[in-house]
Amino acid sequence: MAREVIRIVVEVKTSDPVQTATDLLAVGVFADGPDPELIRTLDERLSGAIGRVRKLGDFTGKPATTALLYGGAGVGPRRILLVGLGEKKKATMETVRTAVMTAASKAVEVKAKTAAIAIHQDFPFERLVRADQIAQMVAEAALFGAYRWDEYLPQDDDGRPEKITVTILTQGLAAHSYRRGADIGTILGEAQSYARTIMNRPANQVSPEALAAEAKKLARQHSNLSCTVLDEKQLTAKGFGGILAVGQGSAHPPRLIVVRYRPRKSAGTVPTVALVGKAITFDSGGISIKPSEGMQDMKFDKSGGVAVLGAMRAIAGLRPDVHVVGIIPSAENMPGGGSYRPGDIVTTFSGKTVEIQNTDAEGRMLLCDAIAYATKLGFDAVVDAATLTGACVVALGEWTAGVMGSHDGLIEQLKAASSATGEKIWELPCGEEYLELMKSKIADLKNTGGRWGGACSAAAFLREFAGTTPWAHLDIAGVGCVDGGKKFGSPGSIGFGIRLLTRFVCDYQPVKVEKS
Ligand code: BES
Ligand code: MN
Ligand code: ZN
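The structure presented is a predicted model; accordingly, all values stated were derived computationally and were not measured.

(A) The overall build of the chain, seen in detail. Looking only at helices and strands, the chain has 16 helices and 18 strands in total. Seen through its principal axes, the chain has C-alpha atoms that stretch 80 × 50 × 45 Å. Burial analysis of the chain (516 residues in total) assigns 59% to the buried set. Of the contacts formed within the chain by residues at least 6 apart in sequence, a portion of 79% connects residues at least 24 apart. When the accessible area of the chain is evaluated, it comes to approximately 21,200 Å², of which 52% is carbon and sulfur surface. Between the averaged position of the 60 positive side-chain charges in the chain and that of its 56 negative side-chain charges there is a distance of 3 Å.

(B) Molecular detail of the coordination of the zinc ion (ligand 3). All of the protein donors around the zinc ion (ligand 3) are Lys278 (NZ), Asp283 (OD), Asp301 (OD) and Glu362 (OE); their distances to the metal are 2.0 to 2.4 Å. Summarised as a motif, the one-chain spacing of the donors to the zinc ion (ligand 3) is K-x4-D-x17-D-x60-E. Between the zinc ion (ligand 3) and the manganese ion (ligand 2), the interatomic distance is 3.2 Å, and Asp283 donates to each metal, bridging them. Remark: Glu362 occurs in the loop between β13 (353-355) and α10 (363-376) and Asp283 occurs in strand β10 (residues 279-283); sequence separation between them is 79 residues. Taking the relative accessible area as the measure of exposure, Asp283 reaches 3% and is therefore buried. Assessed through its relative accessible area of 0%, Glu362 is described here as buried.

(C) Focus on the coordination of the manganese ion (ligand 2). Coordination sphere of the manganese ion (ligand 2), protein contribution only: Asp283 (OD), Asp360 (O), Asp360 (OD) and Glu362 (OE), at 2.0 to 2.2 Å. Note that the manganese ion (ligand 2) binds six donor atoms; their angles at the metal cover 68 to 166 degrees, and the shape is irregular. Site description for the manganese ion (ligand 2): donor spacing in sequence, D-x76-D-x1-E.

(D) Just the pairing of strand β4 (residues 79-86), in detail. In terms of burial, β4 is a largely internal element, seven of the eight residues being buried. Of the pairings in the sheet, the one linking strand β2 (residues 24-30) to β4 comprises six bridges and is parallel in character. The partner of Val27 across the bridge, within β4, is Leu82. The sheet contact formed by strand β3 (residues 66-70) and β4 spans five bridges and is antiparallel. Across the sheet, the residue bridging to Thr66 is Val83, located in β4.

(E) Summary view of helix α12 (residues 408-421). Taking 1.5 Å per residue as the helical rise, α12 with its 14 residues ought to reach 20 Å, and the 20 Å between its terminal C-alpha atoms agrees with that figure. Those residues of α12 lying buried are Leu410, Ile411, Gln413, Leu414, Ala417, Ser418 and Thr421. Along α12, the residues classed as buried sweep out an arc of 160 degrees about the axis, all on the same side. Along α12, the residues that are exposed and aim more than 90 degrees away from the buried face are Asp408 and Ser419.

(F) Molecular detail of the sheet that holds β4. Here six strands make up an open sheet; going across it, the order is β1-β6-β5-β2-β4-β3 and the pairing mixed. With partners counted over all chains shown, the strands left at the sheet margins are β1 (7-14) and β3, one partner each. For this sheet, the mean inter-axis angle between neighbouring strands, taken without regard to orientation, is 25 degrees. Sheet topology note: the strand β5 (residues 114-118)/strand β6 (residues 163-170) ladder contains five bridges and is parallel. Following the sheet pairing, Ile117 is matched in β6 by Ile168. Packing of helix α1 (residues 37-45) onto the sheet brings it into contact with β2, β4 and β5, and relative to β2 it is tilted by some 120 degrees.

(G) Molecular detail of the sheet that holds β13. As summarised here, the arrangement of the three strands in space is β12-β13-β17, forming an open sheet in which the pairing is mixed. The open sheet has two edge strands with one neighbour each: β12 (345-347) and β17 (445-446). Pairing geometry for β13 and β17, over two bridges, is parallel. For Glu355, the partnering residue across the bridge sits in β17 and is Lys446.

(H) Representation of the site of ligand 1. Neighbouring residues of ligand 1: 17 residues in total, closest Lys290, Asp301, Asp360, Glu362 and Gly390. Between ligand 1 and Asp360, the relevant distance is 2.8 Å, taken from an oxygen atom to a side-chain nitrogen or oxygen of the residue. For the shell around ligand 1, the class distribution of residues is five nonpolar, five polar and seven charged.

(I) The arrangement of the packing of aromatic side chains in detail. Under the criterion given, the structure shown has six aromatic pairs. Seen from their ring centres, Trp149 and Tyr152 are 5.8 Å apart, and the 75 degrees between their planes marks the pair as edge-to-face. With a relative accessible area of 25%, Trp149 lands in the partly exposed category. Seen in terms of ring centroids, Phe461 and Phe465 are 5.2 Å apart; in terms of plane orientation they differ by 45 degrees. Their pairing is tilted. Summarising the burial analysis for this pair, Phe461 and Phe465 share the class buried. Here the aromatic cluster, defined as three or more aromatic residues joined through ring pairs, consists of Phe240, Phe349 and Tyr373. The ring of Phe465 is capped by Lys352, whose NZ or CZ atom sits 5.8 Å from the centre of that ring.

What counts and what doesn't
Residues numbered from 1 in each chain as written. Chains lettered and ligands numbered in written order. Predicted model: local features only at pLDDT ≥ 70, side-chain atom pairs only at ≥ 80, totals over all residues. Heavy atoms only, no water. Helix = DSSP H or I, 4+ residues; strand = E, 2+ residues; numbered from the N terminus. Buried < 20%, exposed > 50% of the residue type's maximum accessible area, 1.4 Å probe, protein only. Contact = heavy atoms within 4.5 Å. Areas by Shrake-Rupley, 256 points an atom, 1.4 Å probe, with all protein chains shown as cover. Lys, Arg positive; Asp, Glu negative; His and termini not counted. Charge placed at Lys NZ, Arg CZ, Asp CG, Glu CD. Donors = N, O, S within 2.8 Å, 3.2 Å for Na, K, Ca; no water. Tetrahedral: all angles 85-135°; square planar, octahedral: opposite > 155°, others 65-115°. Pairing = 2+ DSSP bridges. Expected span 1.5 Å × (residues − 1). Arc of directions from axis to C-beta. Axes fitted to C-alpha atoms, helices over the stretch in contact; angles between N-to-C directions. Near = heavy atom within 4 Å. Polar contact = N/O pair within 3.5 Å; in protein donor to acceptor, adjacent residues only side chain to side chain. Nonpolar A, V, L, I, M, F, W, Y, C, P; charged D, E, K, R; others polar. Phe/Tyr/Trp six-rings, centres within 6.5 Å; stacked < 30°, edge-to-face > 60°. Lys NZ or Arg CZ within 6 Å of the ring centre and 35° of its normal.

Here it is, written out as structure tokens:
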């Protein structure tokens, strides 16, 4: 049996951090300003150890730096981890998120079975956020930082904890709100870890068929989820030409995975949202093959689809009054005797024809079918997430996803979800001038738009398949395909999009259809 992810149980307690018996107490420390009472008391009980570590210059309170001290008589914690928070006036929720991630990662490193997080500082933003929001963020961050992808490492007795109990220590006033927030944060954190594991698994483990089996398993575990999968025969019968074209070069045939979430309120009284995710289990480029350097990272090309799966899991746990369907087209993009080729003309699900110029522009070929299918099912709004273009990585780097769309109201809601969850997005254009680049002389469209503005022309292509349904697109190539987790202990996926998409769905307000 492969190793399971380290289980994190988040508790909330009103107790004095100095007296709390725990393997590791994490305490946030600002780089400036007077020390709060907790730091002064700890320093005193540790005979000036905090003062000494600072005097040596080993710890200055810079963001995400740490110093490890050891407890003794007169203090409950066996270890005390100072975590830098930087300058007080610059601190945001994201500063604390990073600090908690760092602390949780350290807890795994020292093989702690219990850890405690002291919420003791007067953050400048504290008046702006509620206690439950702070606790939710702390729980999410604890699960994120303690995540390790080690299911293929030998399961020897290295003392790696199977479970860590993380206790949030409050000053008592809002313990109830903290509890509620911690529960929500745990649901989101578990969904994110679940998705990270599937994203990290290589293509010889996760084929389109295996991903479909994973989605079915998820639906079995939640009574408010159901899952149907279209195989290559059904895709052929229904005319999913784009998905079939991309998948036809692989020994592992494509699938269309559809996961439905049913809210408690009956249909007709709640808004409906479709989440579409690109799940290329491996992107070799196909006949337009990619250079070998870095090709291994193309196992992450399924990250949009898996983010949708992770979001569906979180949505099933949080139970918002929104009808949600997750639509995940999945294929492996391989060169082979059966591959689609440059020059081919593909008739897509919508009926529109596409001239293939580059088989490596495969994501849009899958997504155009899935988006057209979502609009045919009659959903009020469609949001897709895809590791779509290298151009988006060039434009925005590794920490911010691109957002484009046909409807400002929808994009605004995604931006609001982004600032609430710390998963950064930045708007790029996808209007008429970019669509011009995608027009073909021999078919309705072609699948590449030239070198410049590649993220924008790709989005303009997708826009054509949404019709009048409000649609938005997240290009997560930078945050999804790049090995971003190493900073917090586990190389590989950071599971981008689960928190963002879930928050978007939970806060969703119906948007008006713009007349075109
Ligand atoms: N999955 C890639 C996009 C990608 C590239 C993600 C690098 C992360 C890092 C996508 O399928 C692709 O190959 N896009 C091409 C499109 C081009 C051929 C028009 C690209 O961006 O180079
Ligand atoms: Mn590609
Ligand atoms: Zn791709």
